[in-house]
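So the chains spell out like this:
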Amino acid sequence: MIRQAVIMAGGLGSRLKDKTALMPKGFIEIGGMPIVEQSVRKLFAAGIEEIIIGTGHCAEWYERLAVQYPGIRLAKNEGYAETGSMGTLACCAPLVYGDFLLLESDLLYDAIGLTVLINETHDNVLLASGATGSGDEVYLESDAAGFLVRNSKNRTAIVRLAGELVGISRVQKYALDQMVSYMNAHRSDEPKMEYETAMSAVSTQSVRIFIRKIEYFLWREIDDASHLTMAEALYPKIEEAESLRQIRREVLLNPGPATTSDSVKYAQVCADICPRETEFGEVMEWIRAELSCMAGKSGSIETVLFGGSGTAADEVMLSSCIPDTGKLLIVDNGAYGTRFAKIASVYKLNFDVFKSSGFTPLDTEAVKAKLLESAYTHFAIVYHETTTGLLNPAPELCRFCHDHGITTIVDAVSAFAAIPIDMDREGFDFMASTSNKNIQGMAGVAFVFCRKEALEPLASYPMRNYYLNLWDQYQYFKKTRQTRFTPPVQSLYALRQAIIETKCETIEKRYKRYSACWERLVKAVRKLGLTMLVPEEAQSKLITAIIDPASPKYSFEDLHELARGHGFTIYPGKLAEANTFRIANIGDIQPDEMTTFTQVLEIYMRTL
Ligand SMILES: *Cc1c(COP(=O)(O)O)cnc(C)c1O
């Protein structure tokens, strides 16, 4: 599995003269975006978790880029003026921990090149293309088996031509260490060594480097003004090639599964793997660790993964986290609170229900009074009631529980990864969520977050079921880095990609984007004279329940069909008290798409 990329970006780019006197080459803009930023986006979309950029000349440009993309780490080559690209690569080497993609910073390329390298069976691979006619070619020579023998800018020095060097490679950590040693041994005779020189040297000695040629690969390296002109001409071709791989867009305005990015969809298409392989264990361990960091202070939260939908995580919590002597209070102010109570009754738990309206804010004082009335040991609440979009004051109530020694169980299935949550601060002991809502992955993975202190006592609790047992699943994974039963392998790969993208966006900014979509919706709802079920100040801004238009001509089915025809999927209400339809604004959607939806809604309203 390739998790890191290194971009060598220390060079002066002196052949581009005044363009790069005060700016690194990578910041040349084509199609309205710096080429290195395009590369960064393609790398994250291809499943790279962390990008290390080796900087030098005008490093502050990269410092600003790293603020924008939290997955970037920087390593500065202080001696950039006296060294070559190998010097910059050596500065990045201490941050590399496994196989990685190595790129030059001044490349414009079709992202398919990254996929090809990631899918390669060889560990060390140079990407090559057919003739570019750029005038600045690095020719590659291979042996009969296709492995690198030498590179040269002089075509006549090459006996068996394997292609032209692109500047994107796949490298093992071991090969990198060999390259760094080679550079150190030749510091005095070749201070400005380029990385391809070190590669060729080690490839004939200790590591074999395969040359993977894509004859018609779309790419340009930009070293001088003529290259820039060629790159600008090539840009539309790259855009077209990449757009042909886009999946038809359907915007899901139903309350989950949410709209996903194409890169999340494509993450599921990968080599078959047995989930009991170490490599897959590492994928799950990474997912677990990253999710834990999103739910609270690092080190205080354990995340346990199950195959299943969000309800599985709810059932895990209720069946596993309460001892026989426990007594539970459940808040029910919507379909999911009702579901909590249903699960509790199936397991014959000792519990009471605090019932409250689905569209008026919960009376927190009344809940607190109820909690003190009887010897409750456990409290369960839905943070965001997806039924109506009502946001419950779960943190306030759970902190109150903590003050009174009551363990808290929270369904945050539709809140997590949108509303920032810190379980320690919020007083959440156990919290459920799933892969197909705000984290923007595919359905199939349920997760339970646990505060470590709350988790340990579970060892002695009764095992009320087999598959959904929290303590067993936790222990087994800790010991083996495997789940007890077959996990949803492809959904986990998609979840890994969704986490990469969540970290890029950050949860705070995601909630801002969702809120911006909600504001566009609310504005249109008012303009069209429609009414929202829940008062605005009690809403989550993630889903809006809208009361059906009064016209006798109104039909949810008609509105649904019209919206579907425009690429939007909407969802009926789920309440006995009022007839509503619901518009969710979670997932990979943009405010402008919500505006388009409101125009569809307006067209429909005019027909009534
Ligand atoms: C979506 C959701 C669930 C889980 O529903 P599934 O159909 O099992 O995916 C649970 N609780 C809440 C609040 C939800 O929004």
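Details of the structure are given in the entry above.
This section reports on the structure supplied with the text.

What follows deals with the sheet that holds strand S15 (residues 301–307). Overall, mixed pairing links the seven strands, which are arranged S15-S23-S22-S21-S18-S16-S17 in an open sheet. Edge strands, defined here as strands with exactly one partner in the open sheet, are S15 and strand S17 (351–355). Averaged over all adjacent pairs, the angle separating strand axes in this sheet is 20°, with direction ignored. Of the pairings in the sheet, the one linking strand S16 (residues 328–332) to strand S18 (residues 378–382) comprises three bridges and is parallel in character.

What follows covers the site of the ligand. What surrounds the ligand is a group of 13 residues, the closest being Ser-309, Thr-311, Thr-386, Asp-411 and Lys-437. Side-chain polar atom of Ser-309 to an oxygen atom of the ligand: 2.5 Å apart, as the coordinates give it. Take Gly-310: an N or O atom from its main chain is 3.4 Å from an oxygen atom of the ligand. Counting residues per element, the ones that place at least two in the shell around the ligand are helix H10 (310–320) and helix H11 (335–346). Of all the elements, H10 adds the most residues to the shell around the ligand, at three residues. Tallied by class, residues from the shell around the ligand come to three nonpolar, six polar and four charged.

What follows deals with the side chain of Gln-440. Following the sequence through the fold, Gln-440 ends up in the loop between strand S22 (430–434) and strand S23 (445–451). We classify Gln-440 as buried; its relative accessible area is 6%. Side-chain polar atoms of Gln-440 contact the side chain of Arg-513, separated by 3.0 Å. A distance of 2.8 Å separates the side chain of Gln-440 from the side chain of Tyr-514, its partner in a polar contact. Residue contacts for Gln-440: discarding those within four places in its chain leaves Thr-259, Thr-260, Val-264, Ser-435, Ala-498, Arg-510, Arg-513, Tyr-514, Gly-587 and Asp-588.

On to the side chain of Asp-314, then. Along the chain, the position of Asp-314 falls in helix H10. The buried charged residue Asp-314 lacks any salt bridge, with Arg-339 as its nearest oppositely charged partner at 5.7 Å. The contacts of Asp-314, once residues within four sequence positions are left out, are Phe-340, Ile-343, Asp-411, Val-413 and Ala-432.

This part is about helix H16 (residues 470–480). When H16 is considered as a whole, its buried residues turn out to be Leu-470, Trp-471, Gln-473, Tyr-474, Gln-475 and Phe-477. Contacts from the buried residues of H16 go to helix H9 (278–295), S15, H10, S22, S23 and helix H15 (452–455). Of the residues that open H16, the one with a side-chain oxygen 3.3 Å from the backbone nitrogen of Trp-471 is Asn-469. A positive backbone phi angle near 55° is found at Arg-481, which sits one or two residues after H16.

Moving on, we get to the pattern of salt bridges. Counted according to the given criterion, the structure contains 46 salt bridges. Taking the shortest distance from any N to any O, the salt bridge between Arg-399 and Glu-426 comes out at 3.7 Å. Here Arg-399, found in helix H13 (residues 394–403), pairs with Glu-426, found in helix H14 (residues 423–426); they are 27 residues apart in sequence, far enough to count as distant. Arg-606 is paired through a salt bridge with Glu-602; the nearest N and O atoms lie 3.8 Å apart.

About the cut-offs
- Sequence positions are assigned chain by chain, starting from 1 and proceeding in written order.
- The predicted nature of this model means local features are confined to residues of pLDDT at least 70 and side-chain atom pairs, given and counted, to a pLDDT of 80 or more, with totals for whole chains, interfaces and linings taken over all residues.
- As a rule here, side-chain values cover all heavy atoms of the structure and leave hydrogens and water aside.
- Strands pair, by our definition, only if DSSP identifies at least two bridges between them.
- In this description a helix means any DSSP run of H or I spanning at least four residues, a strand means any run of E spanning at least two, and both kinds are numbered starting from the N terminus.
- Whenever a helix is involved, its axis is fitted only over the stretch in contact; in every case the axis is a line through C-alpha atoms, and angles between N-to-C directions fall within 0 to 180 degrees.
- Throughout, near means a residue has at least one heavy atom within 4 Å of the molecule or strand.
- Two N or O atoms form a polar contact when they lie within 3.5 Å of each other; inside protein one atom must be a possible hydrogen donor and the other a possible acceptor, and for residues adjacent in sequence the pair counts only when both atoms belong to side chains.
- Amino acid classes used here: Ala, Val, Leu, Ile, Met, Phe, Trp, Tyr, Cys and Pro are nonpolar; Asp, Glu, Lys and Arg are charged; the rest, including Gly, are polar.
- For each residue, the accessible area found with a 1.4 Å probe, counting protein chains only, is set against the maximum for its type, and the residue is called buried under 20%, exposed over 50%, and partly exposed in between.
- By definition, residues are in contact when any of their heavy atoms lie within 4.5 Å.
- His residues and chain termini do not enter the charge count, which takes Lys and Arg as positive and Asp and Glu as negative.
- By convention in these notes, a salt bridge is any Lys or Arg side-chain nitrogen within 4 Å of a carboxyl oxygen on Asp or Glu.

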